[in-house]
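Overview (structure and organization)
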Amino acid sequence: MDWVWCRRRMPTTKRGTEGGSCFGCAGAQHSEAQGSAAKRPRGTPPGSRDESNSSQKELFDGLRRQDLVRLLQQTLAELGFHETRASLERESGVLLEAPEVTALRQAVQAADWDEALERCAELSPRQPEARAAIDFLLLGQKCLEMHSAGSSEAAEALFQGHVAKAASGPDAQERLEQLKQLLASSPEDLEQVHGWSLASSRELLLERLACLLPTELAVPPRRLSVLLWQALRYQQLHCLYHDADESRSDAGRSLLEDCSYTPPPLPRSCVARLRRHTDEVWFATMSHNGRFLASSSKDKTMIVWECGGGPGASFKVAQVLLGHDGPCSFLAWSPDDRYLLSTSSDCTVRLWSPPSPEPVHVLTNHSDAVTAAAWLQHSDKFVSAGFDRCMFLWDCVEGVVLHRWELACRIQDLAMMPDSKRIVVADSDRNLKVFDLLLYRELPSLPECDAVTSVCASALRDELLVNVAQHVSALQQGPTVRLWDLSARRIVQRYLGHFQTRFVVRSCFAGAREEMVVSGSEDSQVYIWHRHYGSLLQVLSGHAGTVNSVCWTAGPLVDGALAGPWLISAADDGTLRVWGVDSSDSREPSILEEEQEEEVQETPPPEVEAPVRRRPATAPGRSSSLQGERDGSPTEPGTLLREEEDEETDEEEPEPVPSAAPPEDSSDDSEGSEETLPGDETAARTAASEDGGS
């Protein structure tokens, strides 16, 4: 208890206020200003036992007992325990608020505005700014009540006279405009349109007055609740795996124990390798019920995989969809998983209804490659966009265009926000445009300064993932995945470490509450970051080509439990990989075109805190087609758009040779290798890419 002796005495001598009444808070402040020496007996040194014992009585665990009692009284009153609050006040002898504040509260509730203004003059004589703000609030409330009672002329005269003079401060003009708009409406519209009512407005007025008064006179509203939430937030921010944006309404945290959070499951090993496509796999997406996986490829096919109900990750080919004349670049399940959209470089959008092998609609309004599509919330409308600079809003049932937007640049990608009212469009001119789908108008664009290759919207928040490739001519040091907050219109986090220079690489949110961010990479690996802190959590190796697309799923519901979670990646090596969270289950079944391949034992990658990966000398995959729109040359739908042509390199280009069939996997396949494709196969991919883009 040595720390007690060094504390200064906190006397409780009360002093009379200007109105003649006494209360402990103001008396304590006045006595403390006089100095503790005046209350010490002569010859008693500071920090003596007598002074410390008196000071200890005024403290509770190092906190002022008087403040704690006032906080308890306020909380009891807010909870509705008024008799208990009064009993605590009588027993402790501590008043919740000064008598002048009580008189002010009674005057406001009785609409005695002259009395209320007089009490305010007594409470804050030394604070002219607070006095002006209080006068404006009281006069504004009086003006509105007169207007609601039918005395519109008297209310207008009061507004033009006293209210306008009382307004002061940087936001005075804005407050006057708000009050003027309320007075311009009819008394009936005050409640029906603006939501103003007599009882609620007075309660809000009293809360605002308590915030303006000194704390020794009145306790700020819900002060104990604010302090508890600050303590809870402090614990949350010190946990790496806590979802920092979790709202208060659904938190339901216990105050009787410290916050503790279970780390989200991280994918650690490949539990399935799906091989049925004969060329690069450009996109993969999971149905909302977690039962079906859809993948699209440069081989012009789409495959629907069904997840089995057995243990582990068991996938089988449910259906192969044919019909596109060009590579398929994008897929989108409807919210009810009834329909599947596919886009292609053949300038068409096809609407499928699995298991039917024929498309429901073949939409041919686009005049160039279609790069992206997105569903609205109720599964009856969707949006498509492409290199023809057009974006269409479609009716799913009739297959007709409801609205058409025409932009100035090619559309690279788009993402639907969770409210289905706004859509974000990434074009080739370094713009992130936002459109209102209800009013058919363009909203202010996001201030993005680099060329965006793909976007992904959050399903829980007003946030957006933006992939930006590394360009030699740009000022940025490397590729990044940026997290945009659309409400604040700013970048809140950046994710670094992956590789992207030539191709479209996509990212997604992962986890039950989107605690993680996952992205593909041109170095054949999958990168996982913490969403809030931006720290690199995991790097998954195994693919032999650029990882183009990733998606996260909790898996289907099997025997009352979810089969996942799984992370699925699609790459230029023609395969899809399913990554599981259980490192002990490292078996990797591969699905071939004719028969099931033998299961291959796979070793999970080692865990490292900050993995350093060597970039391949030659990036495998599609040929680079990153030209701007100035030359008007055709580009492949899976490639980037760049403002200027690629710079010349010193490396010698290999001669093109015919493309060979994909090699069969052997039992000694090394899942963690960083091998690049041979030069002849890279040249063959280049020739095929040019044919697909023409």
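So, here is what we can say about the structure in this document. It should be emphasised that the depicted structure is a prediction, and the values quoted were computed from it without experimental measurement.

The number of helices and strands found in the protein is 14 helices and 35 strands. Relative to its full complement of 694 residues, the protein shows a buried share of 49%. Long-range contacts, defined as pairs at least 24 residues apart, comprise 53% of the intrachain contacts of the protein with a sequence gap of at least 6. Total accessible area computed for the protein in this model is approximately 34100 Å², and 49% of it derives from carbon and sulfur atoms.

Once that is clear, we can look at the sheet that holds strand E23 (residues 490-495). Reading across from one edge, E20-E21-E22-E23 is the order of the four strands in this open sheet, with antiparallel pairing throughout. Edge positions in the sheet fall to strand E20 (452-457) and E23, since each of these pairs with one other strand and no more. Between one strand axis and the next, the sheet turns by 25 degrees as a mean value, whatever way the strands run. Examined bridge by bridge, strand E21 (residues 463-468) and strand E22 (residues 480-485) share six bridges and lie antiparallel to one another. From the neighbouring strand, Val468 faces E22, where its bridge partner is Thr480.

The subject of this paragraph is the sheet that holds strand E16 (residues 411-416). Picture the strands of a sheet paired through backbone hydrogen bonds; they go either parallel or antiparallel. What the four strands build is an open sheet, ordered E16-E17-E18-E19; its pairing is antiparallel. The open sheet has two edge strands with one neighbour each: E16 and strand E19 (441-446). Across this sheet, the average inter-strand angle for adjacent strands is 25 degrees, counted without regard to direction. Across five bridges, strand E17 (residues 422-427) lies against strand E18 (residues 432-436) in antiparallel orientation. Looking at E18, one finds that Ala426 is bridged to Leu432.

Before going further, it helps to examine a nonpolar patch on the surface. A cluster of nonpolar side chains, Val400, Leu402 and Tyr440, forms an exposed patch at the surface whose accessible area comes to about 230 Å². Within the fold, Val400 resides in the loop between strand E14 (390-395) and strand E15 (401-406).

In the contact formed by helix H6 (residues 99-109) and helix H12 (residues 198-212), the axes pass within 10 Å of each other and the chain directions differ by 155 degrees. Here H6 is positioned roughly antiparallel relative to H12, judged by the angle of their axes. When you trace H6 past H12, the crossing you get is right-handed. Between H6, through Leu104, Arg105, Val108 and Gln109, and H12, the contact on the second element is made entirely by Arg202, Leu205, Leu206 and Leu209. Considering only residue class, the contact of H6 with H12 consists of five nonpolar, one polar and two charged.

Right, let's talk about the nonpolar core for a bit. Within soluble globular proteins, side chains that are nonpolar generally end up buried alongside one another. Grouped together as the largest cluster of nonpolar side chains are 41 residues, with contacts concentrated most on Val383, Met391 and Leu414. Judged by nonpolar contacts, the second largest core, of 27 residues, contains Leu266, Val481, Leu537 and Ala571.

Let us now look at the side chain of Glu448. Tracing the sequence through the fold places Glu448 in the loop between E19 and E20. Judged by relative accessible area, Glu448 falls into the buried class, the value being 9%. A distance of 2.3 Å separates the side chain of Glu448 from the side chain of Arg482, its partner in a polar contact. Among the polar contacts made by the side chain of Glu448, one reaches the side chain of Trp484 at a distance of 3.0 Å. Leave out the neighbours within four places in its chain, and Glu448 touches Arg430, Leu432, Val466, Arg482 and Trp484.

Once that is clear, we can look at the pattern of salt bridges. Summed over all chains, the structure comprises 16 salt bridges. For the salt bridge of Arg506 with Asp413, the shortest nitrogen-to-oxygen distance reads 2.8 Å. Pair noted here: Arg506 is in the loop between E23 and strand E24 (507-510) and Asp413 is in strand E16, with a separation of 93 residues, a long-range link. Taking the shortest distance from any N to any O, the salt bridge between Glu448 and Arg482 comes out at 2.3 Å. Taken together, the residues span a long stretch of sequence, with Glu448 in the loop between E19 and E20 and Arg482 in strand E22 at a distance of 34 residues. Accessibility assignment for this pair places Glu448 and Arg482 in one class, buried.

The subject of this paragraph is the environment of Glu306. Counting through the fold element by element, Glu306 comes out in strand E6 (residues 302-307). A residue is classified by how much of its surface remains accessible, and Glu306, at 17% relative accessible area, is buried. Glu306 sits twelve residues away from Ala318 along the chain, and the two C-alpha atoms are 5.6 Å apart. For Glu306, the contacting residues outside a window of four places in its chain are Arg291, Phe292, Ser314, Phe315, Lys316 and Ala318. At 3.0 Å, the side chain of Glu306 and the side chain of Arg291 are in polar contact.

Right, let's get into the packing of H6 against helix H7 (residues 113-123). Running from N to C, H6 and H7 point in directions that differ by 160 degrees, and their axes come no closer than 8 Å. Taken together, the axes of H6 and H7 lie roughly antiparallel to each other. Viewed along their axes, H6 and H7 form a crossing whose handedness is left-handed. The segment H6 lies against H7, with Glu100, Val101, Ala103, Leu104, Ala107 and Val108 engaging Trp113, Glu115, Ala116, Arg119, Cys120, Glu122 and Leu123. Its residues assigned to classes, the contact of H6 with H7 shows nine nonpolar, no polar and four charged.

Secondary-structure assignment places His277 in the loop between strand E3 (269-274) and strand E4 (281-286). For His277, the side chain forms a polar contact with the side chain of Ser295, separated by 2.8 Å.

This part takes up helix H4 (residues 65-79). Counted at 1.5 Å a residue, the expected span for H4 with its 15 residues is 21 Å, and the 21 Å between its end C-alpha atoms agrees. Buried within H4 we find Gln66, Val69, Arg70, Leu71, Gln73, Gln74, Thr75 and Leu76. Positive backbone phi, approximately 95 degrees, marks Gly80, located one or two places after H4.

With that settled, consider the packing of aromatic side chains. A full pass over the atoms with the stated rule returns eleven aromatic pairs. Considering the side-chain rings of Phe283 and Phe330, the 4.5 Å spacing of their centres and the 35 degrees angle between planes classify their relative orientation as tilted. Residue Phe283 is located in strand E4, and its partner Phe330 is located in strand E8 (residues 328-333); the two are separated by 47 residues in the primary sequence. The pair Phe283 / Phe330 is uniform in exposure class, with both members buried.

On to the pairing of E18. Counting buried residues in E18 gives five out of five residues, a clear majority hidden from the surface. Of the two faces of E18, the one holding Leu432, Val434 and Asp436 and the one holding Lys433 and Phe435 are both buried throughout. Between E17 and E18, which follow one another and run antiparallel, lie four residues, and Arg430 among them has a positive phi close to 60 degrees. Two strands pair when backbone bridges link them, and E18 and E19 are joined in this way by four bridges, in the antiparallel orientation. Bridged to Phe435 within E19 is Glu442. In this structure, the hairpin formed by E18 and E19 is closed by a connection of four residues, where Tyr440 is found at a positive phi of approximately 55 degrees.

Parameters at a glance
- Residues numbered from 1 in each chain as written.
- Predicted model: local features only at pLDDT ≥ 70, side-chain atom pairs only at ≥ 80, totals over all residues.
- Heavy atoms only, no water.
- Helix = DSSP H or I, 4+ residues; strand = E, 2+ residues; numbered from the N terminus.
- Buried < 20%, exposed > 50% of the residue type's maximum accessible area, 1.4 Å probe, protein only.
- Contact = heavy atoms within 4.5 Å.
- Areas by Shrake-Rupley, 256 points an atom, 1.4 Å probe, with all protein chains shown as cover.
- Pairing = 2+ DSSP bridges.
- Axes fitted to C-alpha atoms, helices over the stretch in contact; angles between N-to-C directions.
- Patch = residues over 30% accessible without salt bridge, like charges linked within 9 Å, V, L, I, M, F, W, Y side chains within 5 Å.
- Salt bridge = Lys/Arg side-chain N within 4 Å of Asp/Glu carboxyl O.
- Parallel < 35°, antiparallel > 145°, perpendicular 65-115°, else oblique.
- Left-handed = near helix turned anticlockwise from the far one by under 90°.
- Nonpolar A, V, L, I, M, F, W, Y, C, P; charged D, E, K, R; others polar.
- Core = buried A, V, L, I, M, F, W, Y, C linked by side-chain atoms within 4.5 Å.
- Polar contact = N/O pair within 3.5 Å; in protein donor to acceptor, adjacent residues only side chain to side chain.
- Expected span 1.5 Å × (residues − 1).
- Phe/Tyr/Trp six-rings, centres within 6.5 Å; stacked < 30°, edge-to-face > 60°.

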